[in-house]
Amino acid sequence: QQQVKQSPQSLIVQKGGISIINCAYENTAFDYFPWYQQFPGKGPALLIAIRPDVSEKKEGRFTISFNKSAKQFSLHIMDSQPGDSATYFCAASKTSGSRLTFGEGTQLTVNP
Amino acid sequence: KAGVTQTPRYLIKTRGQQVTLSCSPISGHRSVSWYQQTPGQGLQFLFEYFSETQRNKGNFPGRFSGRQFSNSRSEMNVSTLELGDSALYLCASSVSGDTQYFGPGTRLTVL
């Protein structure tokens, strides 16, 4: 019940395209869903996060869509740029604790 | 504000040795969490400390331990190192366990 499943494992997108990464969770007690971006040799950096009381959150080119009934959430990167090439992780946790359960990661490549 | 800092950045040890990693959280943050990142297992939660007390613990053997000091700095220790302990060890800080900010990690190689 603690798993977070992430897909696809890898994604190749052309510059200017839309990148979409999906995650599904099992534990209905999860109520905080962040996305992290990680470049090689660096720690994960928080991109954007959402709580279940909203279905969508947008920050710049990054949008999280959240479907509570399906227990799924996704990251959309609009106008993808080569500088967005990185590994993206979804995660989930309970407000009452800080333990983040991570998805397996998606390696995004944006071709120029 | 300065970000989360971790020392050392790289470490090479041999099997059976022990190692101590250090993490300094963002100023004002009282929660420090540790994660292990490997290609096979991904990012896995080790433990969390808040106000010098372990508040949460992941599914790792007792060889993995940690502590937090009164200034919120934290250390984690791995005793009797095994080859499988080779990983990137990440520290994350937060105000009280909510939004977590990660450090650059310590790359541990066990030979």
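Refer to the structure presented above.
Residues numbered from 1 in each chain as written. Chains lettered and ligands numbered in written order. Predicted model: local features only at pLDDT ≥ 70, side-chain atom pairs only at ≥ 80, totals over all residues. Heavy atoms only, no water.

Draft legend 1. Region of interest: the overall build of chain A. A count of helices and strands for chain A gives 0 helices and 11 strands. Along its sequence from the N terminus, chain A presents helices and strands in the succession β-β-β-β-β-β-β-β-β-β-β. By the compact-globule yardstick of 13 Å for 112 residues, chain A fits well, its C-alpha radius of gyration being 13 Å. Summarising its shape, the C-alpha atoms of chain A cover approximately 40 × 30 × 20 Å along the three principal directions. (Helix = DSSP H or I, 4+ residues; strand = E, 2+ residues; numbered from the N terminus. Rg over C-alpha atoms; globule rule 2.2 N^0.38 Å.)

Draft legend 2. A look at the sheet that holds strand S8 (residues 72-77) of chain A. Residues and elements named next belong to chain A. The 5 strands are arranged S1-S3-S8-S7-S6 in an open sheet whose pairing can be described as antiparallel. Of all the strands in the sheet, the pair left with one neighbour each is strand S1 (4-7) and strand S6 (56-59). Averaged over all pairs of adjacent strands, the angle between strand axes in this sheet comes to 15°, irrespective of strand direction. In terms of strand pairing, S1 meets strand S3 (residues 19-25) through 4 bridges, oriented antiparallel. Bridge assignment links Ser-7 to a residue of S3, and that residue is Asn-22. (Pairing = 2+ DSSP bridges. Axes fitted to C-alpha atoms, helices over the stretch in contact; angles between N-to-C directions.)

Draft legend 3. Spotlight on the layout of surface pockets. Taken as a whole, the largest pocket encloses approximately 1100 Å³ of empty space. Lining the largest pocket are 42 residues, with A:Gly103, A:Glu104, B:Gln41, B:Gly42 and B:Leu43 sitting closest to its centre. Looking at the lining of the largest pocket, the elements with two or more residues in it are S1, strand S9 (86-92), strand S10 (101-102) and strand S11 (106-111) of chain A together with strand S4 (31-38), strand S5 (42-50), strand S9 (87-94) and strand S11 (106-110) of chain B. Considering every element that reaches the lining of the largest pocket, the biggest residue donor is S5(B), with 4 residues. For the lining of the largest pocket, the per-class residue count stands at 15 nonpolar, 22 polar and 5 charged. (1 Å grid on protein atoms, 1.4 Å probe; cavity = no way out; pocket = protein on both sides within 12 Å on 5 of 7 lines; lining within 4 Å. Points joined across faces, edges and corners; volume = space filled by probe spheres on them. Nonpolar A, V, L, I, M, F, W, Y, C, P; charged D, E, K, R; others polar.)

Draft legend 4. Up close: a nonpolar patch on the surface. All names here are of chain A. A grouping of Ile-18, Ile-20 and Met-78 is seen on the molecular surface, where their side chains present a nonpolar patch of about 240 Å² in accessible area. Among the structural elements, Ile-20 can be located in strand S3. For Ile-20, a relative accessible area of 36% corresponds to the partly exposed category. (Patch = residues over 30% accessible without salt bridge, like charges linked within 9 Å, V, L, I, M, F, W, Y side chains within 5 Å. Areas by Shrake-Rupley, 256 points an atom, 1.4 Å probe, with all protein chains shown as cover. Salt bridge = Lys/Arg side-chain N within 4 Å of Asp/Glu carboxyl O. Buried < 20%, exposed > 50% of the residue type's maximum accessible area, 1.4 Å probe, protein only.)

Draft legend 5. Highlighting the interface of chain B and chain A. In this assembly, 21 residues from chain B lie in contact with 14 residues from chain A. Buried surface at the junction of chain B and chain A, both sides included, amounts to about 1400 Å², of which 52% is carbon and sulfur. For the chain B face of the interface with chain A, the top three residues by lost area are B:Leu43, B:Gln100 and B:Phe102, together amounting to 34%. In this structure, the connection of chain B to chain A is made through 5 residue pairs in polar contact (both at pLDDT 80 or more). Secondary-structure elements contributing two or more residues to the side of chain B that touches chain A are S4, S5, strand S6 (53-57), S9 and strand S10 (101-102) of chain B. Looking at the side of chain B that touches chain A, its residues break down into 8 nonpolar, 10 polar and 3 charged. (Contact = heavy atoms within 4.5 Å. Buried area = accessible area lost by both parts, 1.4 Å probe. Polar contact = N/O pair within 3.5 Å; in protein donor to acceptor, adjacent residues only side chain to side chain.)

Draft legend 6. Structural view of the pairing of strand S5 (residues 45-50) of chain A. All names here are of chain A. In terms of strand pairing, strand S4 (residues 33-38) meets S5 through 5 bridges, oriented antiparallel. Bridge assignment links Phe-33 to a residue of S5, and that residue is Ile-50. With antiparallel pairing between neighbouring strands as the criterion, S4 and S5 make up a hairpin whose turn holds 6 residues, including Gly-41 at a positive phi of roughly 80°.

Draft legend 7. Region of the structure containing the environment of B:Glu52. Residues and elements named next belong to chain B. The topology assignment puts Glu-52 in the loop between S5 and S6. With a relative accessible area of 47%, Glu-52 lands in the partly exposed category. Between the alpha carbons of Glu-52 and Val-4 there is a distance of 17 Å; along the sequence they are 48 residues apart.

Draft legend 8. Looking closely at the state of the cysteines. In this structure the tally under the stated criterion is 2 disulfides over all chains. Covalent S-S linkage joins A:Cys23 and A:Cys90, the inter-sulfur distance amounting to 1.9 Å. Taking the torsion about the sulfur-sulfur bond, which here is approximately -95°, the covalent link between A:Cys23 and A:Cys90 counts as left-handed. Of this pair, A:Cys23 sits in strand S3 while A:Cys90 sits in strand S9, and the two are 67 residues apart along the sequence. Per residue, the accessibility class of A:Cys23 equals that of A:Cys90, and both read buried. The disulfide partner of B:Cys23 is B:Cys91, and the gap between their sulfur atoms is 1.7 Å. When the S-S torsion is -50°, as for the bridge of B:Cys23 with B:Cys91, the disulfide is left-handed. (Disulfide = S-S within 2.5 Å.)

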